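# Summary of the model geometry
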Amino acid sequence: SFSVENQKHFEQRSERAKCVDLHPTEPWILTSLYSGTVCIWNYQSQELEKSFKLTESPVRSAKFIARKQWFVAGADDKCMRVYNYDTKEEIKEFEAHTDLVRSVAVHPTLPYVLSSSDDMLIKLWDWEKDWVCAQIFEGHSHYVMQVVFNPRETSTFASVSLDCSLKLWNIGSSNPNLTLEAHSKGINCVDFIAAGDKPYLITGSDDQTVKVWNYETETCVQILEGHKHNVTAVCVHPEAPIIITGSEDMSICIWHAKTYRLENTVNYGLGRVWYIGCMTSSPQIAIGCDEGTIMGNVLCSHSWDTVNLQDQENVSK
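As the structure is a prediction and not an experimental result, all values here were calculated from the model. The residue numbers shown here count from 1 along each chain, following its written sequence. Where local features are concerned, this predicted model is filtered to residues with pLDDT of at least 70; where side-chain atom pairs are given and counted, the filter is 80 or more; whole-chain, interface and lining totals use all residues. Only hydrogens and water are set aside; all other atoms, that is, all heavy atoms of the structure, feed into the side-chain values.

## Describing the UniProt feature "repeat: WD" (unreviewed entry) in the protein chain
What counts, and what does not: UniProt positions are given in the numbering used here, feature names are shortened, and annotations may be inferred rather than shown by experiment. Each helix is a run of H or I in the DSSP string that is no shorter than four residues. Each strand is a run of E no shorter than two, and both are numbered from the N terminus.
Within this structure's numbering, the places UniProt gives as "repeat: WD" (unreviewed entry) are residues 94–126, 137–179, 180–223 and 224–265. Its end C-alpha atoms 13 Å apart, residues 137–179 is made of 0% helix and 49% strand. In the segment residues 224–265, helix accounts for 0% and strand for 55%; the C-alpha atoms at its two ends are 13 Å apart.

## A look at the packing of aromatic side chains
Test applied: Ring geometry is summarised as follows: Phe, Tyr and Trp rings, the Trp one being its six-membered ring, pair when their centres sit within 6.5 Å, and such pairs are stacked at plane angles under 30 degrees, edge-to-face over 60 and tilted between the two. Note on exposure labels: buried denotes an accessible area under 20% of the residue type's maximum, exposed denotes more than 50%, and partly exposed covers the range between, all computed with a 1.4 Å probe on protein chains only. Over a ring means this: the NZ of a Lys or the CZ of an Arg is within 6 Å of the ring centre and within 35 degrees of the ring normal.
Applying the stated criterion across every chain, the model contains 17 aromatic pairs. With centroids separated by 4.9 Å and ring planes inclined at 75 degrees, the aromatic side chains of Phe52 and Phe71 adopt a geometry described as edge-to-face. With a gap of 19 residues between them, Phe52 in strand S6 (residues 47–53) and Phe71 in strand S8 (residues 70–75) connect regions that are remote in the sequence. Judged by relative accessible area, which is 3%, Phe52 ranks as buried. You can call Phe71 buried: its relative accessible area is 0%. Both rings, one in Trp70 and one in Trp131, keep their centres 6.1 Å apart while their planes meet at 40 degrees; by these two values the pair is tilted. With Trp70 in strand S8 and Trp131 in the loop between strand S13 (122–126) and strand S14 (132–137), the pair connects residues that are 61 residues apart, well separated along the chain. Pair check on accessibility: Trp70 and Trp131 agree, each one buried. Among the aromatic residues, those joined into a cluster by ring pairs are Trp70, Phe94, Trp125, Trp127 and Trp131. The ring centre of Tyr34 lies 4.5 Å from the NZ or CZ of Arg16, which sits over that ring.

## Observations regarding the side chain of Gln284
Heads up, the condition is: Two N or O atoms count as a polar contact when they lie within 3.5 Å, although within protein this holds only if one can serve as hydrogen donor and the other as acceptor, and sequence-adjacent residues are included solely when both atoms are side-chain atoms.
You can see Gln284 is positioned in strand S28 (residues 284–289). Looking at Gln284, its side chain comes within polar contact range of the side chain of Ser282, at 2.9 Å.

Below, the structure written as structure tokens:
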């Protein structure tokens, strides 16, 4: 069985946190704020490592590009910005879309970043070619709320939109290779289920449900019902059989990724949940909310890497 520890290992109150990302090797949470600031918090020392005032507009998405010591961020001023987090130097700033940038996703191996926008477009950027727009993906008829690369097949990615559709795309083709009318209301979030051998992904919607999809057979495998407001965040752990979802009802739900049973519900009391992040070989989850950022632990029978567990014990003392 699973649970989330009610003891918070890290809590930082702030302006609304729209996105969080965990660094793969450093004990850092990257948090992008509605106030236009991006922060890097050290969850072991509980201290602010670095802060970057990017813009006066909300920064809705920011992700580490750890292999370059960079982060990339997209904001409501239509721009994307890239910073070296070691030197604090701005690498690049450019107008990426004709409306606000909702989501960015970093390719795991290639020099690519995807962005999605309220201009209904998805764009692919190549940083080895000075951030040229290498491709535009058209097809959604409303705001594109999130894009995410497929970890099993990294030449493909998924997008979801307030047009109620889920689309799958191939890099190299500007037309989607799959469109599903997935929910009865707008879709806010999407993630792939990387563990196991099934071609599954999950979506979260304003219809208050989370759905599990087999994208090869184009069928809905399961509907997860438990939230009482718009589902704003979904996160599938890359190793453990855990699905974590968040909502404007202020709750986090933990589901078993094989049985789809609701295992636990937690409310941390920091308002609406906007984003959930997790990483390989760690039970830690980071949560971005209306009133700040939290890190908690998912407890389950999965054998976590002992080094990470030892680190976590040090934090909680």
